[in-house]
Amino acid sequence: MSLITDFTRMWLTRSTKPFTFTNEYDDFLHYENCENLGLYVHIPFCKSICNFCPYCKEIYTEEKCNKYIDYLLKEIHKVGSQYNEKKIVTSLYFGGGTPALAIDRIKEIVDTLKEYFTITEGIGLELHPDNVTIPVLNKLKEAGVTKLSIGIQSFQDKYRNILGRKTADEEKIFAALTEVSFETVSMDFIFALPQQTFDDLRKDIDTAFSNGANHVAIYPFIDFTFTSSTVKAMNKKDKRKLLDEITEYCISKGYDRSSIWTFASEKQAEYSSMTRDNFLGFGCSATTLLKDQFKINTFSVDEYCKRIDSDKLATSLTIRFTERQRMIYYLFWTAYSTKVSEKDFEVFFGRKLKKMYGMEIAVAKLLGFITEKDGIYSMTLKGAFYYHYYENFYTLSYIDKMWGIMRKQAFPEKIEL
Ligand SMILES: C[S@@+](CC[C@H](N)C(=O)[O-])C[C@H]1O[C@@H](n2cnc3c(N)ncnc32)[C@H](O)[C@@H]1O
Ligand code: SF4
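Residues numbered from 1 in each chain as written. Chains lettered and ligands numbered in written order. Predicted model: local features only at pLDDT ≥ 70, side-chain atom pairs only at ≥ 80, totals over all residues.

### A few points about the domain arrangement of the protein chain
Domains assigned within the protein chain are domain 1 (1–17 + 324–404) and domain 2 (22–264). On a C-alpha basis, the centroid separation for the pair domain 1 and domain 2 is 25 Å. In terms of residue class, the side of domain 1 that touches domain 2 is made up of six nonpolar, six polar and one charged. (Domains from an automatic or database assignment. Nonpolar A, V, L, I, M, F, W, Y, C, P; charged D, E, K, R; others polar.)

### Some words on the site of ligand 1
Ligand 1 sits among 18 residues. The nearest are His-128, Gly-151, Asp-188, Tyr-219 and Ile-222. Sorting the residues of the shell around ligand 1 by element identifies β6 (92–96), β9 (147–153) and β10 (184–191) as the ones contributing at least two each. Of the residues contributing to the shell around ligand 1, the split by class is ten nonpolar, six polar and two charged. (Near = placed C-beta within 6 Å. Helix = DSSP H or I, 4+ residues; strand = E, 2+ residues; numbered from the N terminus.)

### Re the nonpolar core
With 99 residues, the main nonpolar core has Leu-39, Leu-113, Phe-191 and Val-216 as its most contacted residues. Tallying contributions element by element places helix α2 (residues 62–80) first for this core, with six residues. Among the domains, domain 1 (1–17 + 324–404) and domain 2 (22–264) are the pair contributing at least three residues each to this core. Excluding its chain neighbours within four sequence positions, the residues that come into contact with Leu-113 are Leu-39, Ile-76 and Leu-92. By size, the runner-up hydrophobic cluster in this structure holds five residues, among which are Phe-21, Ile-296, Leu-317 and Ile-319. (Core = buried A, V, L, I, M, F, W, Y, C linked by C-beta atoms within 7 Å. Buried ≥ 20, exposed ≤ 12 C-beta atoms within 10 Å, placed from the backbone. Contact = placed C-beta atoms within 7 Å.)

### Some points on the sheet that holds strand β20 (residues 376–379)
Taking strand neighbours across the sheet as the criterion, the three strands line up as β18-β20-β19 in an open arrangement whose pairing is antiparallel. Every interior strand has two partners, whereas the edge strands, β18 (339–341) and β19 (370–373), have only one. Within the sheet, the average angular offset between the axes of one strand and its neighbour, ignoring direction, is 20°. Looking at chain direction, β18 and β20 are connected through three bridges and run antiparallel. Its bridge partner being in β20, Val-340 is matched across the sheet by Tyr-377. (Pairing = 2+ DSSP bridges. Axes fitted to C-alpha atoms, helices over the stretch in contact; angles between N-to-C directions.)

Dropping the structure here:
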């Protein structure tokens, strides 16, 4: 598996140099000239732990969570106060874990960020189904949250059982969503579970769109090596059939494919913390992507608090990109939106996309993966499947390895991918 990713990396970066992450880091982050900058805040606590989940999280206690947020605010002040001017950012996303466990402090976090940043495209937050109640939604609205992403996973008990998730009180969730409205209500589903059929998925998507969602995310199940899940991912052929069927169904209903795995029933509905050119991440495991570097904070809540307490950033690993590495990173995540613009690439890098990757573009066109119109490259259904397939390799070779190490070591010396 890693042969595929190694070969692709060497070919696309025109170098044998691996992606090298080391524990040195900058205490001062050069985000002052970054366009299309997003913000991300990680809240690493859950009431119970799902055995399939790879994210950085631990069991919630009120005391631990409050202490963590005190340090999170310190980190925001430290990074935000680097510059005198308020910086314009597109979006702010809260992820986890289960951010709503800190419901009484979300506004404080938003207000602290607003001392340094002007947010132009709204605020998103991930919710566990248990959090979807009228009082919680009202508090989120007061804090300025405009987009919700609800981790439904499945409306059907047979798949909830496979994932070890309990039955959700759907009537209560739908009633709360009717009572308190948001610009985007996204529901997350996991697909490619054992024996899952197109009909099962279609029913879930129909239920979502007829009960308050205007956006759905359908994530392929990923069997991370370090989780204790015993669920095996579906084979490639069945997965492709399922993905194609569900994509064709959503397109036939007029839903917009806003990214590889997401469909929206309304134009303004969008939820994506991934497709920013640059972002600043705050909290445990949060990542920061700038023009020349990518960095990731420690996964340990205790070590995070200690670092911030000593007035240092909690960065665990940093990679300083070569130009080609940064281009690959840019193209990979921009392609996630199913479209890449020649003009945007040129603005970002000051280089012509065709000059840098003319041959790859020609091959991708020849293979029927992309089409080109007016300088915009759009992924075909086939291209989207292979992107998705490759992304799976990438996740298992890169993310699985890195997160597997970072869960055990707060500050590893070096990771080469
Ligand atoms: C942080 S959780 C969402 C919020 C909340 N903690 C919850 O579980 O409802 C983010 C999403 O990642 C997805 N996810 C988690 N583990 C996954 C896995 N092994 N494969 C695919 N998707 C996964 C789930 O769809 C989940 O809703
Ligand atoms: S899936 Fe959600 S609730 Fe479950 S452990 Fe992961 S972050 Fe927590």
